[in-house]
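Architecture at a glance
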Amino acid sequence: MGIKTRALLKSPWIFHMSTGSCNNCDIEVLDCLTPRFDIERFGMLLAGSIKHADVLVVTGAATRQCIPKIKRVYEQMPKPCFVVAIGECALSRGLYIQSYNCPTPIDKIIPVDVYIPGCPPKPEAIIAGILKLINKVSDHRVTDGSEASPAARNEVRTRGIMELR
Amino acid sequence: MNRQETLNNIREKFKGDIKNFLERSPKRVYIEIDANALIPIATYIFKDLGARFNIASGLDTRQHFEILYHFTFEALDMIVSLRVILPRDKLEIASLTCVFEGANWIEREINEMLGIKFTGHPDLRRLLLPEDWPEGVYPLRRDYKEWDPNAIRDRGV
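In this text, all values refer to a predicted model and were calculated from it rather than measured experimentally.

With respect to the environment of I55 of chain B
Relative to the elements of secondary structure, I55 of chain B occurs in strand β3 (residues 52-60). Sequence-distant contacts of I55 of chain B, that is, excluding residues within four places in its chain, are made with H70 and I106 of chain B.

Rendered as structure tokens:
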């Protein structure tokens, strides 16, 4: 893990993009930002512009009108970056899989790192998903590609979260 | 004017054009009308009776196409729907944009989704479909077939 990724994971700023969702997932994402769930304790902030963001949070089944826009947003994002797909629609288009307007799932348009299923997923699930991403990337740093014992991994995981706090 | 007087007025005034008058419930009335009489009836309901134009809905019933124009009488707590039946081989109807501006976008949407032509519409462009959508493909018709060879229709699991 380079210094860029390390700095990114210290305080991942998220950019929230709705690609034609019913807004239920968007409400849950907003819920995460409220004091009750408070993802700011992991250093996550909602960025106003994609050019300031480290994590792209995508909701909704990508509509035909939205597909070029998703690509454009992804291209504008500073790299390295991560993409989190939230909700059944963003994963496999859910109910809209046969829809004339949703030809492609999001992970065939841009690379997706974390999938959070649910319709909508609970805020706890969203937090768990993003933490899994952070832990996955942090693991690479400490284990350095070699196999670590489950106990050591667990230890690393806890340390990762503690560090982030 | 109470509910019964309003309905009687419509019935009396357009006796020749009303094909069917269905009072499904106290709040819901369906009036099937002749397509040529749409503009005078809609003008009467909208301008003289003071109803609000809610929305129009287009249907493909396999045998024919239908457009329902829904009008709300707020003081009477009633919705009146004007039903126009269009044969499959002649999908054309007069636009209501000249009577109320609110019909503009919904007519554009019905036009792109079902392929019904609205004569006299000022600007019958696409409303929701993307620019690269092929001409002559109407997604909400019953006989719509997948046209995009690149579409992925499995969940990948």
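A word on the pairing of strand β5 (residues 78-87) of chain B
Residues and elements named next belong to chain B. As paired elements, strand β2 (residues 28-33) and β5 share 6 bridges and run parallel to each other. When the sheet's bridge partners are listed, I31 is paired in β5 with L82. Judged from the 10 bridges that link them, strand β4 (residues 64-73) and β5 form a sheet pairing that is antiparallel. Bridging across to β5, I67 finds its partner in V84.

Digging into the confidence of the model for chain A
All names here are of chain A. Per-residue confidence for chain A gives a mean pLDDT of 82; residues scoring 70 or more make up 83%. The secondary structure element of chain A with the lowest average pLDDT is helix α6 (residues 150-164), at 51, and the one with the highest is helix α3 (residues 67-76), at 92. A low-confidence stretch, residues 141-147 (pLDDT under 50), is modelled with 3 contacts involving residues beyond four sequence positions or located in other chains.

Focus: the sheet that holds strand β5 (residues 114-116) of chain A
Spatially, the 5 strands line up as an open sheet ordered β2-β1-β3-β4-β5 (chain A), and their pairing is parallel. Edge strands, defined here as strands with exactly one partner in the open sheet, are β2 (45-46) and β5 of chain A.

Structural notes on unusual backbone geometry
Residues and elements named next belong to chain A. For the peptide bond that leads from K79 to P80, omega is 5°, which places it in the cis range. Among the secondary structure elements, P80 is positioned in the loop between α3 and β4 (82-86). Positive phi is not limited to glycine here, since D38 has a value of about 55°. Relative to the assigned elements, D38 resides in the loop between α2 (24-33) and β2. Within the chain, R93 stands out as a residue other than glycine whose phi angle is a positive 75°. Relative to the helices and strands, R93 resides in the loop between α4 (88-92) and β5. What makes R93 buried here is the crowd of 22 C-beta atoms within 10 Å.

Some points on the sheet that holds β3 of chain B
Residue and element names in this part refer to chain B. Strand order across the open sheet formed by 5 strands is β1-β2-β5-β4-β3, with mixed pairing between neighbours. Looking along the sheet, the strands with just one partner apiece sit at the ends: β1 (18-25) and β3. Strand-to-strand twist of the sheet, defined as the mean angle between neighbouring strand axes without regard to direction, takes the value 20°. Across the face of the sheet, helix α2 (residues 38-48) comes into contact with β2, β3, β4 and β5 while running at roughly 170° to β5. Where helix α3 (residues 103-114) meets the sheet, its contacts fall on β3 and β4, and the angle it forms with β3 comes to roughly 5°.

Criteria and thresholds
- Residues numbered from 1 in each chain as written.
- Chains lettered and ligands numbered in written order.
- Predicted model: local features only at pLDDT ≥ 70, side-chain atom pairs only at ≥ 80, totals over all residues.
- Helix = DSSP H or I, 4+ residues; strand = E, 2+ residues; numbered from the N terminus.
- Contact = placed C-beta atoms within 7 Å.
- Pairing = 2+ DSSP bridges.
- pLDDT = per-residue confidence, 0-100.
- Buried ≥ 20, exposed ≤ 12 C-beta atoms within 10 Å, placed from the backbone.
- Axes fitted to C-alpha atoms, helices over the stretch in contact; angles between N-to-C directions.

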